[in-house]
Amino acid sequence: MKRVLAVLLLLALAIPLIGYRNATADPLVRRANVGFESWPAAAPPVRVALLADIHVQGPDLSPERMARIAAQVTAQKPDLILIAGDFSGDRALSTRLYSEAEIAASLKGLKAPLGVHAVLGNHDHWRDGSAMRRAVTAAGIRVLANQAVRAGPLIIAGADDIHTGNADVEALARAAAALPGPTVVLSHSPDIAPLLPPRFGLVLAGHTHCGQIVLPLVGYLATASRHGERYACGMIREPGRTTIVSGGIGTSVLPLRFGAPPDFWIVTMGPLAPAATAR
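Reading the values: the criteria
Residues numbered from 1 in each chain as written. Predicted model: local features only at pLDDT ≥ 70, side-chain atom pairs only at ≥ 80, totals over all residues. Heavy atoms only, no water. Core = buried A, V, L, I, M, F, W, Y, C linked by side-chain atoms within 4.5 Å. Buried < 20%, exposed > 50% of the residue type's maximum accessible area, 1.4 Å probe, protein only. Helix = DSSP H or I, 4+ residues; strand = E, 2+ residues; numbered from the N terminus. Contact = heavy atoms within 4.5 Å. Salt bridge = Lys/Arg side-chain N within 4 Å of Asp/Glu carboxyl O. Expected span 1.5 Å × (residues − 1). Arc of directions from axis to C-beta. 1 Å grid on protein atoms, 1.4 Å probe; cavity = no way out; pocket = protein on both sides within 12 Å on 5 of 7 lines; lining within 4 Å. Points joined across faces, edges and corners; volume = space filled by probe spheres on them. Nonpolar A, V, L, I, M, F, W, Y, C, P; charged D, E, K, R; others polar. Pairing = 2+ DSSP bridges. Axes fitted to C-alpha atoms, helices over the stretch in contact; angles between N-to-C directions.

What follows is about the nonpolar core. Core analysis: the biggest nonpolar cluster contains 27 residues, and M66, I81, I83, F87 and L110 have the highest contact counts within it. Secondary-structure elements contributing two or more residues to this core are β2 (46-51), α2 (63-75), β4 (80-83), β6 (116-118), α4 (122-138) and β16 (263-270). In terms of residue count, α2 provides more of this core than any other element does, four residues in total. The contact partners of L110, leaving out residues within four places of it in the chain, are L51, A70, V73, T74, I81, I83 and V116. Core analysis: the next-biggest nonpolar cluster, separate from the first, contains 25 residues, A32, A84, A151 and L204 among them.

So this is what it looks like as structure tokens:
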């Protein structure tokens, strides 16, 4: 009986340690190619880095660690960097919460020729969306709220957060219509995908953390999506649309990860790449 209790005690200690180690590991670099029918003939492909769910907070993601990750992203030499929201961390079990200015300062190492663009997530709005927008903007990152901008041959349509009622699909469509060309929707949550008009054939998002805790035989404990596992993680191909969901960098609720390592994506976009097709 004592041996059984000892084993159970060791497991009780080991599991959180393993989960924390998983959460603080260097993010995986996931890669994809996406082709556009409307890609300009003379334009070279564009390498886009997608980050999501930064959640800068203690103990697992300090500003110093985020600055190192920012350098890792920039070392991939992307032409464009997109951040799918949730800069802030407000976890109840956090050992330290950082100010908007401290969070934004940790991102200054993100550099790309076509710029760095972002949208806000639900945690940003719950904390103070206006303050986060000001801080991130001051760090040289353009924050889009149902707006569209041109970045090289691409149009970036940035949707505000759907879970806090700030997304406006009609406003986003109007903004993008004024800028013809291959269009990428950047959204914190993939839940916006089914609401988009057909023109928007590619969505880049986060929010789900790829489940954050995914157990053998059990699977996802939660996805934080209204659509369950439909947009839980990775590249989702549906008729007329491709959605890419990052597992994110930070954590929520608990500073643990199992079966869902931190990641960021490098998506090469150009004329009809073989892995996926978007309008």
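This brings us to unusual backbone geometry. Going from G58 to P59, the amide bond is cis rather than trans, its omega being 5°. One can find P59 in the loop between β3 (57-58) and α2. With a phi close to 55°, N146 is a non-glycine residue in the positive phi region. Its location among the elements puts N146 in the loop between β7 (142-143) and β8 (147-151). Given the relative accessible area of 13%, N146 is considered buried. Its identity is not glycine, yet A224 carries a phi of approximately 60°, on the positive side. Position of A224 relative to the elements: it lies in the loop between β13 (219-220) and β14 (234-238). Of the residues examined, A224 reaches a relative accessible area of 46% and is grouped as partly exposed.

As a further point, take the pattern of salt bridges. For the coordinates displayed, the defined rule picks out six salt bridges. R30 is the partner of D263 in a salt bridge, and the nearest nitrogen-oxygen pair spans 2.8 Å. Residue D263 is found in strand β16, and its partner R30 is found in strand β1 (residues 28-36); the two are separated by 233 residues along the sequence. Taking relative accessible area as the criterion, R30 reaches 27% and is therefore assigned partly exposed. A salt bridge links R230 to E238, with the nearest nitrogen and oxygen atoms 2.8 Å apart.

A few words on α2. With 13 residues, α2 should reach 18 Å at 1.5 Å per residue; the first-to-last C-alpha distance of 18 Å fits that figure. Along α2, the residues that are buried comprise P63, R65, M66, I69, A70 and V73. Taken down its axis, α2 places every buried residue within 150° of arc, on the same side. Of the residues in α2, the exposed ones pointing more than 90 degrees away from the buried face are E64, R68 and A75. Immediately downstream of α2, the backbone of K77 shows phi near 55°, a positive value.

Quick look at the environment of N33 now. Looking at the secondary structure, you find N33 in strand β1. Exposure remark for N33: the relative accessible area of 32% places this residue in the partly exposed category. Remark: the alpha-carbon pair of N33 and P16, spanning 17 residues in sequence, is separated by 36 Å.

In this fold, G19 is placed in helix α1 (residues 2-23). When residues no more than four places from it in sequence are discounted, the contact partners of G19 are P255, L256, R257 and F258.

For the largest pocket, the calculated volume is near 300 Å³. Partitioning the lining of the largest pocket into residue classes produces seven nonpolar, 10 polar and one charged.

Read from one edge of the open sheet, six strands run β8-β9-β10-β11-β15-β14, paired in mixed fashion. Looking at which strands have only one partner, the edges of the open sheet turn out to be β8 and β14. Taken over all neighbouring pairs, the strand axes of this sheet differ in orientation by 20° on average, direction set aside. As paired elements, strand β10 (residues 183-187) and strand β11 (residues 202-205) share two bridges and run parallel to each other. Looking at β11, one finds that L186 is bridged to L204.

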